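Listed here are the chains, written in short residue letters.
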Amino acid sequence: MTSALRPISSVAVLGGGISGLSTAYYLSRLLPKTVPITIYEASGRVGGYIESTKLQLPAASIDGAGGEKNEDVLFEHGPRTLRVSKRVSSLNMFDLINSLGMADELIVVPKDSAAARNRYIYYKGRINMIPYSLSSILRFYFSQALFRGMLPEVIREPFRRNQPPKEMREQEDETIGSFMNRRFGPRIADRLMSGVIHGIYAGDIYQLSVRSILEYLWKRERTTGSIIPFPFSWNRKQTQKKDEAETPADVNLYEQRGKDYAVQVVDQHRSFFNRLEGASVVSFTKGMQSIINHLEDYLSALPNVTIKRNMSVTELKNVVDGVMVSTATGESHTYSRVFSAMPARKLAEITEFTAPGLSQCLKRIPSVSVNVVNLFFSKPRLLPVTGFGYLLPRAIPRSDNPERALGVVFDSDTVSKDAGEGKIPGSLQDSVDGTKVTVMLGGHWWDTTKEEGTPAVKDAEEAITNARTLIARQMGVTEEPALAQSTFQESCIPQYVVGHAANLKRIHEAVLGGFGGKVAVVGASYLGVSVNDCVYYSRIAAEDVVAGRRVSGLEASGV
Ligand SMILES: C=Cc1c2[nH]c(c1C)Cc1[nH]c(c(CCC(=O)O)c1C)Cc1[nH]c(c(C)c1CCC(=O)O)Cc1[nH]c(c(C)c1C=C)C2
């Protein structure tokens, strides 16, 4: 029999990224003000990979301006937008944005704007538009080399009855690459899917898990034998019934809780959510950093919250009256509850000797690094096309992508006054009009354990040169940028590789077994890499722990 959990008298949150800050935020709202909450952050700043910087642009470098005023330009070094959807994680995120008083800072990008609608994939020396409507499918299919040969792959899909390879069948999972090749063929897998996955995970479709990343497709194949949704009602009903039967009771409970919350939050803040109707993504006038600044300001003003910066945690140990947190400065403190909001690989380090089984499982969640290169050109509308940006799929030969780029984002279109339509000059984020792009380099291409891998480019000058060479070759942009910055984001995106779901189950058991419900894990390593997911699952974990439940933080995945 497990002993009852002691009441919460103190809490530590390990990690001051978005997951750590939002965990502390929800805890501070749920716990009595007498319970101290301590955030440990290893670096000198909070926010993790979310970082925006404002650079000064000397008046002399502004095209045709002739003025004397210096201007400023905002660069994002990590995530740059938040997705707007009906998902509870999105509604929760905007509830937080609203509660933090950030409504006036929103830059709303409508679904039908160029910045949201025009998405491209680079292939065979061309920037190809991805269809956004039925009529555009027909138009683009015949005019773009990217789509050549894909129609037979789509037509054949509903009739394919092939099985996953044996070893993947045994572990009830498969790589996205294997799945897409089986369902469609190599064109859709390598030209389309790999590009889309680069844009989110910077990862390799032949490593990542279809079960964890595209669960709805994985389930649909198992229930209907096809992943293309049928319009016939008999098929839909059949799918629904089987899906419900397969979903563990716990997940249904969490889903119901999410749905109830979503209805309540939209009802309470109807006028705010009306502004997001028809939106694709949002950005912020002061950048994503603003979310961090607001959270930091809110938490710093609370007497029971302490943020310890430059404080590296070295060990986490289960003790009789709580969990002991030891730091590199030689301090040890015991807390009645601890939330780990650090990446899995860091938690693995600090539990190596105190919970070795857990540590082993955590090490099975790898991550990739991205060099984010921001460029600003003082000439507006310099690019050959407008839109979100373009992705580089794995189908491009190495000779056409020696820089190992994953994609290029057209930031100035997202933050322009008319979201890239090109009709109204000016930016909602920068004090001057111009062309702002971000080139994303590396990701899984920098995994040197793989035959195709090459060493990471960490050096800023080299990364900027590579980014410029790439956009000169692929878009004909040869101008000297007025501003350029490179940020090497080390191990920034966790990779949910094949077997991730089974590994989560083992982590769940090891966390509960090793710490008896006194430690919960949150963060991008486990249930979702998006900012929305990180914040939502932090809230769920905080609520569960404060309600006295013995949880690991991973329950919402049905472990
Ligand atoms: C550091 C680079 C990152 C790359 N991906 C991510 C980061 C932080 C994480 C990420 N990117 C997207 C999502 C999905 C968001 C969601 O569903 O909530 C996540 C978790 C999508 C995305 N990718 C890029 C942008 C601008 C967006 C959001 C907007 C949108 O979908 O419209 C650009 C981009 N990010 C990366 C690459 C290689 C890339 C290329 C164009 C890596």
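Below you will find a few notes about this structure. Owing to the predicted nature of the structure, the values given are computational and were not obtained by experimental measurement. (Residues numbered from 1 in each chain as written. Predicted model: local features only at pLDDT ≥ 70, side-chain atom pairs only at ≥ 80, totals over all residues. Heavy atoms only, no water.)

**Notes on the sheet that holds strand β2 (residues 37-40)**
Keep this limit in mind: At least two DSSP bridges between two strands are required for those strands to pair. Working definition: helices are DSSP H or I runs of at least four residues, strands are E runs of at least two. Numbering for both runs from the N terminus. Only the contacting stretch of a helix is used when fitting its axis, a line to C-alpha atoms as for every element, and angles between N-to-C directions run 0 to 180 degrees.
With parallel pairing, five strands are arranged side by side in an open sheet as β10-β2-β1-β14-β20. Strand pairing shows two members of the sheet lacking a second neighbour, β10 (305-308) and β20 (519-521), which therefore form its edges. Put simply, the sheet's adjacent strands are angled 15° from each other on average, direction ignored. As judged from the three bridges shared by strand β14 (residues 337-340) and β20, these two strands associate in the parallel manner.

**A word on helix α20 (residues 531-546)**
As a reminder, the rule being used: Here the expected span of a helix is defined as 1.5 Å times the quantity of residues minus one. Each residue is placed in one exposure class: buried if its accessible area under a 1.4 Å probe, protein chains only, is under 20% of its type's maximum, exposed if it is over 50%, and partly exposed if it falls in between.
Between its terminal C-alpha atoms α20 stretches 23 Å, which fits the 22 Å expected from 16 residues at 1.5 Å a residue. A large share of α20 lies buried, amounting to 13 of its 16 residues. At the C-terminal side of α20, G548 shows a positive phi close to 90°.

**Re the environment of L57**
Among the structural elements, L57 can be located in strand β3 (residues 52-57). The class for L57 is buried, based on a relative accessible area of 0%. Each C-alpha atom of the pair L57 and S378 lies 9.2 Å from the other, and the pair is 321 residues apart in sequence.

**Notes on the pattern of salt bridges**
Inclusion rule: In what follows, salt bridge is the name for a side-chain nitrogen of Lys or Arg lying within 4 Å of a carboxyl oxygen of Asp or Glu.
Under the definition given, this model contains 28 salt bridges. Its salt-bridge partner being E172, residue R222 comes within 3.7 Å of it at the nearest N-O pair. Here E172 lies in the loop between α6 (166-170) and α7 (176-183) and R222 lies in helix α10 (residues 215-224), a separation of 50 residues in the sequence. You can call R222 partly exposed: its relative accessible area is 41%. Classification of E172 as partly exposed rests on a relative accessible area of 37%. Measuring nitrogen to oxygen at the nearest pair gives 3.5 Å for the salt bridge that ties K308 to E331. Of this pair, K308 sits in strand β10 while E331 sits in the loop between β12 (322-327) and β13 (332-335), and the two are 23 residues apart along the sequence. Counted as one network, the salt bridges with shared partners bring together E157, E174, R182, R183 and E221.

Bear in mind that shape data such as this cannot, by itself, settle questions of function.
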